[in-house]
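Understanding the architecture of this molecule
Below, each chain spelled out in residue letters.
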Amino acid sequence: MSLRFPAPRFAVDMAVAFQFLTRLPMPQVAFAPDGLARSVKFFPLVGLAIGSGAALLQKGLAPHFGRPVCAVVVLLFLVLITGCLHEDGLADVADSMGGWTAEQRLTILRDSRIGSYGAAALVLSLGSRAALLAELPLEHFTAYLVSAHVLCRWSMLPLSYFLPPARENEGQGARVARLTSVASLIFGSLFTIATVIVFLHKAAIAPVLSALAIPLLSSWFYLRKFGGVTGDCFGATNQLTEIAVYLCGVWKP
């Protein structure tokens, strides 16, 4: 039975953000057509919670296992806590590249089956994330892990603010595309920048620039290929941004 959540609107929006992006048990909230669009400002907060949980897990495992095992277990935690939401989006977007027209690509996005492009994208994403997590310097592991998950959830805000939905009145993309408010974009961005600076200090410059570049490039790609964004597009950009931030952490000048 669905229960109305007796809390201020900001608490309801926060609950919707966690409910949408994670598999964590949350209080049920009454459905609102603009509920998801209002909740996007808390997406980076969800990333902070997920990244912090993964960092604590790694700290608990580090005295007992080697770096590769810790990386795989942390990655398993990340996949389970999100229910493969973003991995599914990446795989669907990759599979859609087999279409010749925007209509064909959007049709492929609806297909629940995974194709060769999608499988390859998943293998590359999971493999690269595991390898990068195993390579992150231990003294900066928590900083880059948490920052990556804050920034990759933030990457969905500019997409939802600037890009139109690829399908009108259909799918998760239509629930947020061009419906994110300026206030939500500013709040989420300020929270993200402050959090990353706290964790990375001066080293925050490269991850932040990477997190700006990925949504910019992917926006151009989505407009060209789909004419807008779908829910899968958000997941694909999320995955690419996470990888980009890890790369900043292992880069050796």
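What you see as residue numbers is a count from 1 along each chain, following the sequence as written. pLDDT decides what is reported in this predicted model: residues at 70 or higher carry local features, side-chain atom pairs at 80 or more are listed and counted, and totals for whole chains, interfaces and linings draw on all residues regardless. With hydrogens and water set aside, each side-chain value is computed from the structure's full complement of heavy atoms.

**Brief notes about the overall build of the chain**
- Secondary structure is summarised from DSSP: a helix means a run of H or I of at least four residues, a strand means a run of E of at least two, and numbering begins at the N terminus for each. A count of helical and extended segments in the chain gives 13 helices and zero strands.
- Beginning at the N terminus, the succession of helices and strands in the chain can be written as α-α-α-α-α-α-α-α-α-α-α-α-α.
- A compact globule built from 253 residues would reach a C-alpha radius of gyration of about 18 Å, and the chain, at 18 Å, matches this within 12%.
- Taking the principal axes of its C-alpha atoms as reference, the chain extends roughly 50 × 50 × 35 Å.
- Exposure is judged per residue with a 1.4 Å probe applied to protein chains only, and the accessible area is read against the type maximum: over 50% gives exposed, under 20% gives buried, and values in between give partly exposed. The proportion of buried residues among the 253 residues of the chain is 50%.
- Using a 1.4 Å probe, the Shrake-Rupley method yields the accessible areas, and only the shown protein chains count as cover for residues. For the chain, the exposed area adds up to about 12,300 Å²; of that, 70% sits on carbon and sulfur atoms.
- Across the chain, the 19 positively charged side chains and the 14 negatively charged ones have centroids separated by 5 Å. Here the radius of gyration uses the C-alpha set of atoms, whereas the globule reference equals 2.2 Å times the residue count to the power 0.38. By the counting scheme adopted, Arg and Lys are positive, Glu and Asp are negative, and His together with the chain ends is not counted. For charged residues, the charge sits on one atom: NZ in Lys, CZ in Arg, CG in Asp, CD in Glu.

**A closer look at empty space enclosed by the protein**
- Points on a 1 Å grid over protein atoms alone make up a cavity when a 1.4 Å probe fits among them but cannot get out, and a pocket when they form an open set with protein on both sides within 12 Å along at least five of seven lines; lining residues each have an atom within 4 Å of a point. Grid points are joined across faces, edges and corners, and a volume is the space filled by probe spheres set on the points. Taken as a whole, this structure holds one cavity of 30 Å³ or more when the rule is applied.
- Its volume calculated, the largest cavity comes out at about 50 Å³.
- Lining the largest cavity are I50, L78, T82, H86, E87, R129, H149, R153, N238, Q239 and E242.
- When residues of the lining of the largest cavity are traced back to their parent elements, those giving at least two are helix 4 (67–82), helix 5 (85–96), helix 8 (141–154) and helix 13 (231–250).
- Examining the composition of the lining of the largest cavity, we find that three residues originate from one element, helix 13, more than from any other.
- Per-class residue counts for the lining of the largest cavity are two nonpolar, five polar and four charged. Charged means Asp, Glu, Lys or Arg here, nonpolar means Ala, Val, Leu, Ile, Met, Phe, Trp, Tyr, Cys or Pro, and polar covers whatever is left, Gly included.

**A look at the layout of surface pockets**
- Considered as a void within the structure, the largest pocket measures approximately 440 Å³ in volume.
- D88, Q172, T230, G231 and D232 are, among the 28 residues lining the largest pocket, the residues nearest its centre.
- Counting residues per element, the lining of the largest pocket draws most heavily on helix 5, at five residues.
- In terms of residue class, the lining of the largest pocket is built from eleven nonpolar, ten polar and seven charged.

**Describing the nonpolar core**
- Put simply, buried Ala, Val, Leu, Ile, Met, Phe, Trp, Tyr and Cys residues joined by side-chain atoms within 4.5 Å make one nonpolar core. By size, the foremost hydrophobic cluster in this structure holds 64 residues, and its most contacted members are F43, L133, L145, Y222, F226 and Y246.
- At nine residues, helix 8 tops the list of elements feeding residues into this core.

**Thoughts on helix 4**
- Taking 1.5 Å of rise per residue, the 16 residues of helix 4 would be expected to cover 22 Å, and the 23 Å separating its terminal C-alpha atoms lies within 8% of that figure.
- Among all positions of helix 4, only C70, A71, V74, L75, L78, V79, I81 and T82 are buried.
- It only takes one pair of heavy atoms within 4.5 Å for two residues to be counted as in contact. Buried residues in helix 4 make contact with helix 1 (9–21), helix 3 (43–61), helix 5, helix 7 (116–135), helix 8 and helix 13.
- Note on helix 4: the residue one or two positions beyond its end, G83, has a positive phi of about 65°. The length a helix should cover is 1.5 Å for every residue beyond the first.

**Overview of the environment of L179**
- Relative to the assigned elements, L179 resides in the loop between helix 10 (171–176) and helix 11 (182–200).
- Between the C-alpha atoms of L179 and L163, which are 16 residues apart in sequence, the distance is 9.6 Å.
- In this structure L179 touches A37, S160 and A174, once residues within four positions along its chain are discounted.

**A few points about the state of the cysteines**
- Our working definition of a disulfide is a cysteine sulfur pair at a distance within 2.5 Å. All told, the structure shown has zero disulfides when counted by the stated rule.
- Among the cysteines around C84, which has no disulfide bond, C152 carries the closest sulfur, lying 14 Å off.
- Unpaired in this structure, C248 has its nearest cysteine sulfur neighbour in C152, at a distance of 13 Å.

**Comments concerning the packing of aromatic side chains**
- Pairing of aromatic side chains requires ring centres within 6.5 Å, counting the rings of Phe and Tyr and the six-membered ring of Trp. Pairs whose planes differ by under 30 degrees are stacked, by over 60 edge-to-face, and all others tilted. Overall, the coordinates contain five aromatic pairs when judged by the stated rule.
- With centroids separated by 4.8 Å and ring planes inclined at 90°, the aromatic side chains of Y161 and F162 adopt a geometry described as edge-to-face.
- Pairing F221 with Y222 gives two aromatic rings, centres 6.0 Å apart and planes at 70°, and the pair type is edge-to-face.
- Taking relative accessible area as the criterion, Y222 reaches 2% and is therefore assigned buried.
- Through pairs of rings, three or more aromatic residues link up here, namely F221, Y222 and F226.

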